[in-house]
Amino acid sequence: MNNHLASIKRTSATGLWGSVAVVLLAAGFTLSPYRIVPQSEATTRWMLVAGSLLAVLAVSMALMTVRKRVPQLRQSEGLESKLAGYARHVRSLYLPMLGVVALVCLLEVIASQSVLLMLAIVATLLLFLNYPNMYRVKVDLGLTDEEMRSLYGDQYIVADDK
(Lines give C-alpha, C1' and ligand atoms only; values in the text may rest on other atoms or scores of the structure.)
Protein backbone atom coordinates (compact mmCIF):
# COMPACT_ATOMS: atom_id res chain seq x y z
CA MET A 1 0.00 0.00 0.00
CA ASN A 2 2.87 2.34 0.71
CA ASN A 3 4.12 1.71 -2.84
CA HIS A 4 0.83 3.00 -4.20
CA LEU A 5 0.93 6.07 -1.96
CA ALA A 6 4.51 6.80 -3.02
CA SER A 7 3.53 6.37 -6.66
CA ILE A 8 0.59 8.76 -6.23
CA LYS A 9 2.80 11.38 -4.57
CA ARG A 10 5.64 11.04 -7.06
CA THR A 11 3.49 11.07 -10.18
CA SER A 12 1.32 13.97 -9.11
CA ALA A 13 4.31 16.04 -7.99
CA THR A 14 6.15 15.34 -11.25
CA GLY A 15 3.16 16.28 -13.38
CA LEU A 16 2.22 19.37 -11.40
CA TRP A 17 5.64 20.90 -10.78
CA GLY A 18 6.86 19.92 -14.25
CA SER A 19 3.91 21.79 -15.73
CA VAL A 20 4.61 24.81 -13.54
CA ALA A 21 8.27 24.80 -14.61
CA VAL A 22 7.39 24.53 -18.30
CA VAL A 23 4.87 27.39 -18.05
CA LEU A 24 7.40 29.57 -16.22
CA LEU A 25 10.06 28.84 -18.85
CA ALA A 26 7.64 29.70 -21.65
CA ALA A 27 6.61 32.90 -19.87
CA GLY A 28 10.26 33.81 -19.38
CA PHE A 29 10.96 33.27 -23.06
CA THR A 30 7.91 35.37 -23.96
CA LEU A 31 9.23 38.25 -21.85
CA SER A 32 12.73 37.99 -23.32
CA PRO A 33 13.76 40.02 -26.37
CA TYR A 34 14.34 36.84 -28.42
CA ARG A 35 11.69 35.64 -30.86
CA ILE A 36 11.32 32.65 -33.12
CA VAL A 37 9.82 33.81 -36.38
CA PRO A 38 7.51 31.26 -38.06
CA GLN A 39 7.64 30.85 -41.82
CA SER A 40 4.35 32.58 -42.54
CA GLU A 41 1.32 34.20 -40.93
CA ALA A 42 -0.81 31.20 -41.89
CA THR A 43 1.56 28.91 -40.00
CA THR A 44 1.20 31.09 -36.92
CA ARG A 45 -2.60 30.97 -37.16
CA TRP A 46 -2.62 27.18 -37.54
CA MET A 47 -0.33 26.81 -34.54
CA LEU A 48 -2.71 28.99 -32.53
CA VAL A 49 -5.71 26.92 -33.61
CA ALA A 50 -3.96 23.59 -33.00
CA GLY A 51 -2.67 24.63 -29.58
CA SER A 52 -6.05 26.01 -28.54
CA LEU A 53 -7.86 22.86 -29.61
CA LEU A 54 -5.30 20.66 -27.90
CA ALA A 55 -5.55 22.55 -24.62
CA VAL A 56 -9.34 22.71 -24.59
CA LEU A 57 -9.75 19.05 -25.51
CA ALA A 58 -7.17 17.94 -22.94
CA VAL A 59 -8.79 19.92 -20.12
CA SER A 60 -12.23 18.61 -21.13
CA MET A 61 -10.93 15.05 -21.25
CA ALA A 62 -9.30 15.41 -17.84
CA LEU A 63 -12.46 16.80 -16.24
CA MET A 64 -14.62 14.07 -17.74
CA THR A 65 -12.16 11.38 -16.67
CA VAL A 66 -12.09 12.63 -13.09
CA ARG A 67 -15.87 12.88 -13.02
CA LYS A 68 -16.30 9.31 -14.26
CA ARG A 69 -13.36 7.48 -12.68
CA VAL A 70 -13.52 8.71 -9.07
CA PRO A 71 -17.01 7.31 -8.33
CA GLN A 72 -15.95 4.00 -9.88
CA LEU A 73 -12.93 3.86 -7.59
CA ARG A 74 -15.05 4.69 -4.55
CA GLN A 75 -17.24 1.64 -5.24
CA SER A 76 -14.40 -0.85 -5.67
CA GLU A 77 -13.79 -3.44 -2.95
CA GLY A 78 -10.77 -3.41 -0.68
CA LEU A 79 -8.28 -0.73 0.22
CA GLU A 80 -5.51 -2.25 -1.90
CA SER A 81 -7.59 -2.24 -5.10
CA LYS A 82 -8.79 1.32 -4.42
CA LEU A 83 -5.24 2.57 -4.00
CA ALA A 84 -3.98 0.69 -7.06
CA GLY A 85 -6.80 2.12 -9.16
CA TYR A 86 -6.22 5.61 -7.79
CA ALA A 87 -2.49 5.37 -8.59
CA ARG A 88 -3.36 4.39 -12.18
CA HIS A 89 -5.88 7.24 -12.34
CA VAL A 90 -3.33 9.81 -11.15
CA ARG A 91 -0.72 8.49 -13.56
CA SER A 92 -3.17 8.67 -16.48
CA LEU A 93 -4.14 12.23 -15.54
CA TYR A 94 -0.92 13.98 -14.55
CA LEU A 95 1.64 12.66 -17.03
CA PRO A 96 -0.42 13.25 -20.20
CA MET A 97 -1.37 16.72 -18.94
CA LEU A 98 2.34 17.46 -18.45
CA GLY A 99 2.89 16.50 -22.09
CA VAL A 100 -0.03 18.65 -23.23
CA VAL A 101 1.21 21.66 -21.26
CA ALA A 102 4.72 21.20 -22.66
CA LEU A 103 3.40 20.98 -26.23
CA VAL A 104 1.14 24.01 -25.84
CA CYS A 105 4.04 25.99 -24.36
CA LEU A 106 6.26 24.92 -27.25
CA LEU A 107 3.65 26.12 -29.73
CA GLU A 108 3.36 29.37 -27.76
CA VAL A 109 7.10 29.98 -27.98
CA ILE A 110 7.27 29.13 -31.68
CA ALA A 111 4.16 31.09 -32.71
CA SER A 112 4.61 33.97 -30.21
CA GLN A 113 0.93 33.76 -29.26
CA SER A 114 0.45 34.58 -25.59
CA VAL A 115 -3.10 33.19 -25.72
CA LEU A 116 -1.56 29.73 -25.73
CA LEU A 117 0.34 30.57 -22.56
CA MET A 118 -2.96 31.44 -20.91
CA LEU A 119 -4.41 28.08 -21.96
CA ALA A 120 -1.34 26.28 -20.60
CA ILE A 121 -1.86 28.09 -17.29
CA VAL A 122 -5.50 26.92 -17.23
CA ALA A 123 -4.39 23.33 -17.82
CA THR A 124 -1.86 23.66 -14.99
CA LEU A 125 -4.57 25.10 -12.74
CA LEU A 126 -6.61 21.96 -13.37
CA LEU A 127 -3.70 19.93 -11.98
CA PHE A 128 -3.59 22.13 -8.88
CA LEU A 129 -7.30 21.67 -8.30
CA ASN A 130 -7.07 17.87 -8.56
CA TYR A 131 -3.86 17.47 -6.55
CA PRO A 132 -4.21 14.32 -4.39
CA ASN A 133 -3.31 15.33 -0.85
CA MET A 134 -4.28 12.93 1.94
CA TYR A 135 -7.71 14.46 2.54
CA ARG A 136 -8.52 14.49 -1.16
CA VAL A 137 -7.57 10.79 -1.32
CA LYS A 138 -9.91 10.12 1.60
CA VAL A 139 -12.85 11.86 -0.07
CA ASP A 140 -12.16 10.49 -3.56
CA LEU A 141 -11.89 6.90 -2.36
CA GLY A 142 -14.47 7.12 0.43
CA LEU A 143 -12.07 5.86 3.10
CA THR A 144 -12.86 5.58 6.78
CA ASP A 145 -10.84 7.16 9.59
CA GLU A 146 -9.33 3.77 10.49
CA GLU A 147 -8.17 3.19 6.91
CA MET A 148 -6.67 6.67 6.82
CA ARG A 149 -4.81 6.04 10.08
CA SER A 150 -3.44 2.79 8.67
CA LEU A 151 -2.22 4.62 5.55
CA TYR A 152 -0.91 7.89 6.97
CA GLY A 153 -0.42 7.21 10.68
CA ASP A 154 -0.02 10.29 12.85
CA GLN A 155 -0.12 12.66 9.86
CA TYR A 156 -3.87 12.15 9.54
CA ILE A 157 -5.84 14.34 11.93
CA VAL A 158 -9.38 13.32 12.77
CA ALA A 159 -11.95 16.04 13.31
CA ASP A 160 -13.88 15.32 16.51
CA ASP A 161 -17.46 16.51 16.07
CA LYS A 162 -18.60 15.28 19.50
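Cut-off values and rules
Every chain is numbered independently, its residues counted from 1 as its sequence is written. Only residues with pLDDT of 70 or above have their local features reported here, since the model is predicted, and side-chain atom pairs are shown and tallied only from 80 upward, although totals for entire chains, interfaces and linings are computed over all residues. Side-chain numbers come from the whole structure's heavy atoms, not from hydrogens or water. Helix axes are fitted only over the stretch in contact, all axes being lines through C-alpha atoms; the angle between N-to-C directions runs from 0 to 180 degrees. Helix numbering and strand numbering both begin at the N terminus, where a helix is a DSSP run of H or I of at least 4 residues and a strand a DSSP run of E of at least 2. Orientation categories follow fixed angle ranges, with anything under 35 degrees roughly parallel, anything over 145 roughly antiparallel, 65 to 115 roughly perpendicular, and all other angles oblique. Throughout, the ten residues Ala, Val, Leu, Ile, Met, Phe, Trp, Tyr, Cys and Pro are labelled nonpolar, Asp, Glu, Lys and Arg are labelled charged, and all others, Gly among them, are labelled polar. By definition, a salt bridge exists where a carboxyl oxygen of Asp or Glu is found within 4 Å of a side-chain nitrogen of Lys or Arg. Throughout this description, buried means an accessible area under 20% of the type-specific maximum (1.4 Å probe, protein chains only), exposed means over 50%, and partly exposed covers the range between. To form a nonpolar core, buried Ala, Val, Leu, Ile, Met, Phe, Trp, Tyr and Cys residues must be joined to one another through side-chain atoms within 4.5 Å. Geometry of aromatic contacts follows a simple scheme: Phe, Tyr and Trp rings, the Trp one being its six-membered ring, pair when their centres are within 6.5 Å, and the pair is stacked under 30 degrees between planes, edge-to-face over 60, tilted otherwise. By this rule, a helix spans an expected 1.5 Å times one less than how many residues it contains.

(A) Broad picture of the packing of helix H1 (residues 2-31) against helix H3 (residues 79-111). Between H1 and H3, the least distance of the axes is 8 Å, while the angle of their chain directions is 10°. Here H3 runs roughly parallel to H1, going by the angle between their axes. Its residues assigned to classes, the contact of H1 with H3 shows 20 nonpolar, nine polar and three charged.

(B) Seen up close, the pattern of salt bridges. Across all of its chains, the model carries two salt bridges by this definition. With a shortest N-O distance of 3.3 Å, Arg136 and Asp140 are connected by a salt bridge. Taken as a pair, Arg136 and Asp140 lie in helix H5 (residues 134-141) at a separation of four residues, close to a single helical turn. Among the ionic pairs, Lys138 bridges to Asp145, the shortest N-O distance being 2.8 Å. On the basis of relative accessible area, Lys138 is assigned to the partly exposed category, the value being 21%. The exposure class of Asp145 is partly exposed, given its relative accessible area of 25%.

(C) Inspection of the nonpolar core at higher detail. Leu83, Tyr86, Met97, Leu141, Leu143, Leu151 and Tyr152 are the most contacted members of the largest nonpolar core, which totals 43 residues. Elements supplying a minimum of two residues to this core: H1, helix H2 (41-75), H3, helix H4 (114-129), H5 and helix H6 (145-152). If you tally residues by element for this core, the top one is H3, at 15 residues.

(D) Spatial organisation of the environment of Glu146. The topology assignment puts Glu146 in helix H6. Glu146 gets classed as exposed once you look at its relative accessible area, which sits at 54%. Separated by 13 residues in the primary sequence, Glu146 and Ala159 place their C-alpha atoms 13 Å from one another.

(E) Spotlight on the packing of aromatic side chains. In this structure the tally under the stated criterion is one aromatic pair. Seen in terms of ring centroids, Trp17 and Phe128 are 5.7 Å apart; in terms of plane orientation they differ by 85°. Their pairing is edge-to-face. Within this pair, whereas Trp17 is found in helix H1, its partner Phe128 is found in helix H4, the two being separated by 111 residues in sequence. Residue classification places Trp17 among the partly exposed positions, given a relative accessible area of 48%.

(F) Local environment of H3. The end-to-end C-alpha distance of H3, which contains 33 residues, comes to 47 Å, matching closely the 48 Å that a straight helix rising 1.5 Å per residue would cover. Count one or two residues on from H3 and you reach Ser112, which has phi positive near 55°.

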